[in-house]
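The chain contents come next:
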Amino acid sequence: MTQATVIIAAWKAEKTLATSVESALAQGDIVREVIVADDASPDGTSALTQDLAARDARVKLTRLTRNAGPAAARNAALDLAQGDWIAVLDADDAMRPNRLTRMIAYAEAHRADIVCDDLELVGGGTPPGRVFLGPHAPITPQRLSLEDYLAGNQARPDRPSLGFLKPALRRAFLETHRLRYDETLRNGEDFHLVLAALTAGAALWLIPEAGYLYTTRTGSLSNRLDPDHARALAEADAAYLDRMRATLSREAQRLMRQRTARLSDLAAAEAALRALKARHLATALATMTHRPRAAGRLLRQLLEAAKNRTGAVSR
C-alpha cells in the first residue's frame, strides 16, 4: 500500500500543534507516520508531541539542538521519513479528511512526482470558503512546466504565488536527485525545493480542490514579511540562475530575472515600511532612494496596512 510521511516543522507550536497532527492522523491508513521536527522550541512543543506519540505510534519526534528555521527542521524530518510520499504540513495549519488519499491517488495515476492542491483560508476574519488561488485556480487538473511554475511565482501583489501551496512529493524522486530544502531560507523554502525538482525533471500536477486549511492572520504593519527574508530569497534566486543558466530555456531565465527584481523591490518596500513604523523617516527615504522602483509597492503596502487596521477597528 502506498503511504505518506507527513512532516511538520514546529517552533513554539504548543497551542496549535495538536490540531495539525490530529488532522494528519485522520487521513487514515495512507499516513504511515507524522514526523514533528521541533526547531528548538522554548515552550512545550516537544512535550506535547511526546504526549501525542503516546496515543498514536505513528507520531514521531525529532528535536533540533538550536533554532535553525523551517527548512532545517523539514530536512531533519525528511532524513527520517519512510513513506512513499512526503506531505508538508505547517504546525498551525490542518488538512481536510481524505486530502492525501485524493492527491496521492491522482499523482500515482498520472505518474506525478509532485502534486499540489489549493488552500482554503481560515482564521483572521477570512470569509468561509475563501480559497488562496481564487480566480487563478485551475478548473481541471493541470500539469505545470518549469516555465508555468515560474510564471506563477512572480511575487506580484495582484496575484497569489504557487510557492505558498503545500506539496506532496514522491520521496524516491527526492532521494534519487539528492534534493533537500535550502537551509539559508526562512521563507519561500517550498518554492525552491519544487524549483529544484522541476529542474531535475519532476512532473508537477496542480489539482483544483482545496484540501489544505491555511491559517491566516489579520495583516498589520507588525505582521509583514521580514525584509531580510525577502533579500535572502532574491539572493537564492540569483544563485540558482547563475548555477542553472546553461540548462534553462530563455523564457525560464527571463522569468527568474523578473522574479528576482520583484523580490528585491519587495525587500526594499518592507524595509521602508518597517522604518516608517519605527518613525525613522530618513531611513525609509534612503531605502527608497536606493531602489526607487519599489515606491509603488511601498504605497500599496501602506494602503493595505491602513485598510487592515480600519477593518480591525470596525470589527
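Here the structure is a predicted model, which means the values were calculated and not measured.

Peer 1: Can you tell me about the overall build of the protein, naming the residues and giving the values?
Peer 2: Check the secondary structure of the protein and you find 11 helices and 9 strands. At 20 Å, the protein has a C-alpha radius of gyration in line with the 20 Å of a compact globule built from 315 residues. Seen through its principal axes, the protein has C-alpha atoms that stretch 60 × 45 × 40 Å. Counting over 315 residues, the protein shows a buried share of 49%. By sequence separation, contacts in the protein at least 24 residues apart represent 80% of the contacts at least 6 residues apart. For the protein, the exposed area adds up to about 15000 Å²; of that, 52% sits on carbon and sulfur atoms. If you average the places of the 43 positive and of the 37 negative side-chain charges in the protein, the two averages end up 6 Å apart.

Peer 1: Tell me what's going on with the nonpolar core, and back it up with residues and numbers.
Peer 2: Grouped together as the largest cluster of nonpolar side chains are 78 residues, with contacts concentrated most on V6, I8, V21 and L100. Among all residues touching L100, those that are not within four sequence positions of it are A4, V6, Q27, I30, V31, A87, M95 and A105.

Peer 1: I'd like to hear about unusual backbone geometry, residue by residue, with values.
Peer 2: Phi at N98 is positive, roughly 70°, even though this residue is not glycine. When you line up the elements, N98 lands in the loop between β5 (94-95) and α4 (99-109). On the accessibility criterion, N98 (47% relative accessible area) is partly exposed. Of note, the phi angle at R178 is positive, near 55°, even though the residue is not glycine. Along the chain, R178 turns up in the loop between α6 (171-176) and α7 (189-199).

Peer 1: How would you explain the pattern of salt bridges if you had to name every residue and give the values?
Peer 2: Counting across every chain of the model gives 20 salt bridges. In this structure, D158 and R156 form a salt bridge, with 3.0 Å as the shortest nitrogen-oxygen distance. Since its relative accessible area comes to 33%, R156 is described here as partly exposed. Across the salt bridge formed by R254 and E251, the nearest N and O atoms sit 2.8 Å from each other. Within this pair, R254 and its partner E251 are both found in helix α9 (residues 250-277), separated by 3 residues, close to a single helical turn. On the accessibility criterion, E251 (36% relative accessible area) is partly exposed. Three or more residues joined by partner-sharing salt bridges are found here, namely R74, D90, K166, E189 and D190.

Peer 1: Tell me what's going on with the pairing of strand β1 (residues 4-10), and back it up with residues and numbers.
Peer 2: Two faces belong to every sheet, and in a regular strand the side chains alternate between them. For β1, the tally of buried residues reaches 7 of 7 residues, placing the bulk of the element in the interior. Along β1, one buried face is formed by A4, V6, I8 and A10 and the opposite face, lined by T5, I7 and A9, is buried too. One ladder, built from 7 bridges, connects β1 with strand β2 (residues 31-38); its direction is parallel. Along β2, the bridge assignment pairs V6 with V34. Remark: the β1/helix α1 (residues 17-25)/β2 crossover connection has right-handed handedness. Bridging between β1 and strand β4 (residues 85-90) involves 6 bridges; their strand directions are parallel. If you follow I7 over to β4, its bridge partner there is V88.

Peer 1: Before we move on, could you go through a nonpolar patch on the surface and cite the residues and values that matter?
Peer 2: Nonpolar side chains collect at one region of the surface, where L276, L281 and L285 lie side by side and expose about 270 Å² of accessible area between them. If you trace the backbone, L276 turns up in helix α9.

Peer 1: Report on the side chain of Q27, specifying residues and quantitative values.
Peer 2: On the secondary structure map, Q27 appears in the loop between α1 and β2. Note on Q27: relative accessible area 4%, which makes it buried. In this structure the side chain of Q27 is engaged in a polar contact, spanning 3.3 Å, whose partner is the backbone oxygen of S23. A polar side-chain atom of Q27 sits 3.0 Å from the main-chain amide nitrogen of R99. In this structure, Q27 is in contact with M95, R96, P97, N98, R99, L100 and T101, ignoring residues within four places of it in sequence.

What counts as what
- Residues numbered from 1 in each chain as written.
- Predicted model: local features only at pLDDT ≥ 70, side-chain atom pairs only at ≥ 80, totals over all residues.
- Heavy atoms only, no water.
- Helix = DSSP H or I, 4+ residues; strand = E, 2+ residues; numbered from the N terminus.
- Rg over C-alpha atoms; globule rule 2.2 N^0.38 Å.
- Buried < 20%, exposed > 50% of the residue type's maximum accessible area, 1.4 Å probe, protein only.
- Contact = heavy atoms within 4.5 Å.
- Areas by Shrake-Rupley, 256 points an atom, 1.4 Å probe, with all protein chains shown as cover.
- Lys, Arg positive; Asp, Glu negative; His and termini not counted.
- Charge placed at Lys NZ, Arg CZ, Asp CG, Glu CD.
- Core = buried A, V, L, I, M, F, W, Y, C linked by side-chain atoms within 4.5 Å.
- Salt bridge = Lys/Arg side-chain N within 4 Å of Asp/Glu carboxyl O.
- Pairing = 2+ DSSP bridges.
- Right-handed = clockwise from strand over helix to strand, strands pointing away.
- Patch = residues over 30% accessible without salt bridge, like charges linked within 9 Å, V, L, I, M, F, W, Y side chains within 5 Å.
- Polar contact = N/O pair within 3.5 Å; in protein donor to acceptor, adjacent residues only side chain to side chain.

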